[in-house]
Amino acid sequence: MLRPLFRRLLPLGLLTSWLAIGCTADEPPEDEGPVDPATLPQFARDMLDTHNAVRAGVTTPAPSPALEPLGWDKAAEDTAKAYAAKCEFRHNDDRGTYGENLAAATPGFWETPDVVNEWAKEAQNYDYATNTCADGKDCGHYTQVVWRDTKRVGCATQTCTKNSPFGAQAPTWQLWVCNYAPPGNFRGQRPY
């Protein structure tokens, strides 16, 4: 069984060098209004609940005022689903005005909340005082999750059998895509 070789999450954050998002659209996606979380499928509820638990748990330093919980964005979800179906472990150049976090692992290694919690672990690599990541470390996934101005998220997952980031040893893999509206991770700005 090859699974032990691929126990680590392969995250691909929006940008690890704190650059502004490179893709924009002429028109922002139309806001369809708030989505009642009770009507969401379990995957979406798990993603939303875990994002909001991370946002509520920020303590270093504690945001003042506290970060608002995110809502679910159906248009962002649709964009994430369409891109996840392509099974490409690189950022979606056609995501429009969304921020984006990606992750990959072998199938079944993580439950849905684990993906967001892995992004959240990057908090240990982020220095709020200097607004930088530790040398050689990622923190852009975390800062996107806790970006104050982000109000909504939409995510998707796909089991893939092509383009494996793990190579021929593990041709079947799972991709997660989360899109954020409005996006975060702008050069020179702190997340909150």
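Structure's up top.
Residues numbered from 1 in each chain as written. Predicted model: local features only at pLDDT ≥ 70, side-chain atom pairs only at ≥ 80, totals over all residues. Heavy atoms only, no water.

(A) Representation of the overall build of the chain within the structure. Broken down by element type, the chain carries 4 helices and 7 strands. Each helix (α) and strand (β) of the chain, taken in turn from the N terminus, gives the series β-α-β-α-β-α-β-β-α-β-β. Per-residue burial for the chain yields a buried fraction of 45% across its 192 residues. Sequence separation of 24 or more characterises 77% of the internal contacts of the chain that already satisfy a separation of 6 or more. Accessible area for the chain stands at about 9,500 Å²; split by element, carbon and sulfur atoms hold 51% of it. (Helix = DSSP H or I, 4+ residues; strand = E, 2+ residues; numbered from the N terminus. Buried < 20%, exposed > 50% of the residue type's maximum accessible area, 1.4 Å probe, protein only. Contact = heavy atoms within 4.5 Å. Areas by Shrake-Rupley, 256 points an atom, 1.4 Å probe, with all protein chains shown as cover.)

(B) Inspection of the side chain of Gln-174 at higher detail. Assignment of secondary structure puts Gln-174 in strand 7 (residues 173-181). Polar contacts involving the side chain of Gln-174 include one to the side chain of Thr-157, which spans 3.0 Å. (Polar contact = N/O pair within 3.5 Å; in protein donor to acceptor, adjacent residues only side chain to side chain.)

(C) Looking closely at the packing of aromatic side chains. Applying the stated criterion across every chain yields a total of 6 aromatic pairs. Seen in terms of ring centroids, Phe-109 and Trp-110 are 4.4 Å apart; in terms of plane orientation they differ by 90 degrees. Their pairing is edge-to-face. Here Phe-109 and Trp-110 have matching classes, each one buried. Of the aromatic side chains, those joined through ring pairs into one cluster are Tyr-126, Tyr-128, Tyr-142 and Tyr-192. Its end group placed over the ring of Tyr-128, Arg-190 keeps NZ or CZ at 5.3 Å from the ring centre. (Phe/Tyr/Trp six-rings, centres within 6.5 Å; stacked < 30°, edge-to-face > 60°. Lys NZ or Arg CZ within 6 Å of the ring centre and 35° of its normal.)

(D) Local environment of the state of the cysteines. Evaluation of the coordinates by the stated rule reveals 3 disulfides. Covalently, Cys-87 is tied to Cys-160 through a disulfide, its sulfur atoms 2.2 Å apart. Between Cys-87 and Cys-160 the disulfide shows an S-S torsion of about -85 degrees. By sign, it is left-handed. Here Cys-87, found in the loop between helix 2 (74-84) and strand 3 (99-105), pairs with Cys-160, found in strand 6 (residues 152-160); they are 73 residues apart in sequence, far enough to count as distant. (Disulfide = S-S within 2.5 Å.)

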